[in-house]
Amino acid sequence: YGYDCNLLTDTEVIAYMLDYLVRRQGLTWREAAEVVAAPFWSTIDHLPEPEKKRMTLLRNRFSSLLITGPFSILVGFENGMMALNDRLKLRSLVVAEKDDKVLIASEEAAIRAMEPDAENLFAPAGGEPVIVRVKEGRY
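### Side note on the overall build of the chain
Phase 1 of the analysis: Counting secondary structure elements, the chain contains five helices and six strands.
Phase 2 of the analysis: Secondary structure elements of the chain, listed N to C terminal, follow the sequence α-α-α-α-β-β-β-β-α-β-β.
Phase 3 of the analysis: Relative to the compact-globule value of 14 Å for 139 residues, the chain shows a C-alpha radius of gyration of 16 Å, a close match.
Phase 4 of the analysis: Taking the principal axes of its C-alpha atoms as reference, the chain extends roughly 45 × 40 × 30 Å.
Phase 5 of the analysis: Going through the 139 residues of the chain one by one, you find that 37% of them count as buried.
Phase 6 of the analysis: Long-range pairs, those at least 24 residues apart, make up 46% of the contacts in the chain with a sequence separation of at least 6.
Phase 7 of the analysis: Charge separation in the chain, taken as the distance between the mean sites of 17 positive and 21 negative side-chain charges, equals 5 Å.

Take a look at the structure:
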């Protein structure tokens, strides 16, 4: 797709894949997550018809961008970030909140070390993106 991989890491490739899907193809961050961590065909078969049609289109159109190995990523973008792990949940991902903060780590212990009173702790399902948007003018 015209990208030059200099670091030769899988992380670099994932960053370019997401750039390609969001910036160059115009997909939303959620749609990009549905491409790189797409549900299994057996799961898609049981979706309501409009959703099944949409997911089938994404799987077919961008089939070469499906990541089949274990991963857990955190991607920053203008005014937000997205956390995502592989569809089999082979890499852990935990999310929590405290006041106006969102904490994301691979383990609850890391979150508790930063914010002992974190609330709403949860582990998103495999392939379920957690998209956080920054409030206007706040970091």
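On we go from here.
### Some points on the layout of surface pockets
A probe matching the size of a water molecule, rolled over the atoms, marks out where space remains unfilled.
Phase 1 of the analysis: As a volume, the second largest pocket reaches approximately 210 Å³.
Phase 2 of the analysis: If you trace the second largest pocket, you find 14 residues lining it, with Ala37, Ala38, Pro39, Met55 and Gly127 closest to the centre.
Phase 3 of the analysis: Where the lining of the second largest pocket is concerned, the elements lending two or more residues are helix H2 (29-36) and helix H4 (49-61).
Phase 4 of the analysis: Looking at side-chain class alone, the lining of the second largest pocket contains seven nonpolar, three polar and four charged residues.

### Some words on the sheet that holds strand S6 (residues 130-133)
Phase 1 of the analysis: Reading across from one edge, S1-S2-S6 is the order of the three strands in this open sheet, with antiparallel pairing throughout. What marks the edges here is a single partner per strand, and that holds for strand S1 (72-77) and S6. Pairwise comparison of adjacent strand axes, ignoring direction, gives a mean angle of 10° for this sheet.
Phase 2 of the analysis: Sheet analysis places strand S2 (residues 80-85) next to S6, joined by four bridges and oriented antiparallel. Residue pairing for S6: Met82 is matched across the bridge by Ile131.

### Examining a nonpolar patch on the surface
Phase 1 of the analysis: Residues Phe40, Leu88 and Leu90 make up a contiguous nonpolar surface patch of roughly 280 Å² in combined accessible area.
Phase 2 of the analysis: Of note, Phe40 is situated in the loop between H2 and helix H3 (41-44).

### Looking at the pairing of strand S3 (residues 94-98)
Phase 1 of the analysis: Burial analysis of S3 places four of its five residues in the buried class, which makes it a mostly covered element.
Phase 2 of the analysis: As judged from the five bridges shared by S3 and strand S4 (residues 101-105), these two strands associate in the antiparallel manner. Each bridged residue has a counterpart across the sheet, and for Ala96 the counterpart in S4 is Leu103.
Phase 3 of the analysis: In this structure, the hairpin formed by S3 and S4 is closed by a connection of two residues, where Asp99 is found at a positive phi of approximately 55°.
Phase 4 of the analysis: Two elements, S3 and strand S5 (residues 119-122), share two bridges in a ladder whose sense is antiparallel. Note on S5: the bridge partner recorded for Glu97 is Glu119.

About the criteria used
- Counting restarts for each chain: residues are numbered from 1 in the order of the written sequence.
- Confidence filtering applies because this is a predicted model: local features only for residues at pLDDT of at least 70, side-chain atom pairs given and counted only at 80 or more, and all residues used for totals across whole chains, interfaces and linings.
- No hydrogens and no water enter the side-chain calculation; it runs on all heavy atoms of the structure.
- Strands here mean DSSP runs of E at least two residues long; helices mean DSSP runs of H or I at least four residues long; both are numbered from the N terminus.
- Restricting the calculation to C-alpha atoms gives the radius of gyration, and the globule rule supplies 2.2 Å times the number of residues raised to the power 0.38.
- Accessible area is worked out with a 1.4 Å probe on protein chains only. A residue is then buried under 20% of its type maximum, exposed over 50%, and partly exposed in between.
- When checking whether two residues touch, look at their non-hydrogen atoms; a contact exists if any pair is within 4.5 Å.
- When charges are counted, neither His nor the chain ends are considered; positive counts come from Lys and Arg and negative counts from Asp and Glu.
- Lysine's charge is taken at NZ, arginine's at CZ, aspartate's at CG and glutamate's at CD.
- Cavities and pockets were defined on a 1 Å grid built over protein atoms only: a cavity is a set of grid points that admits a 1.4 Å probe from which the probe cannot escape, a pocket is an open set flanked by protein on both sides within 12 Å along at least five of seven lines, and lining residues are those with an atom within 4 Å of any such point.
- Grid points are joined across faces, edges and corners, and a volume is the space filled by probe spheres set on the points.
- Gly is placed with the polar residues, together with every amino acid not listed as nonpolar (Ala, Val, Leu, Ile, Met, Phe, Trp, Tyr, Cys and Pro) or charged (Asp, Glu, Lys and Arg).
- Any two strands are treated as partners once DSSP identifies two or more bridges connecting them.
- Note on method: axes are straight lines fitted to C-alpha atoms, helices fitted across the in-contact stretch only, with angles between N-to-C directions ranging 0 to 180 degrees.
- What makes a patch is a set of residues exposed beyond 30% relative accessible area and free of salt bridges, joined within 9 Å when like-charged and within 5 Å when nonpolar (Val, Leu, Ile, Met, Phe, Trp, Tyr).
- Accessible areas in this description were obtained via Shrake-Rupley with a 1.4 Å probe; residue shielding takes into account the shown protein chains only.
- The salt bridge criterion pairs a side-chain nitrogen of Lys or Arg with a carboxyl oxygen of Asp or Glu, the two atoms within 4 Å.

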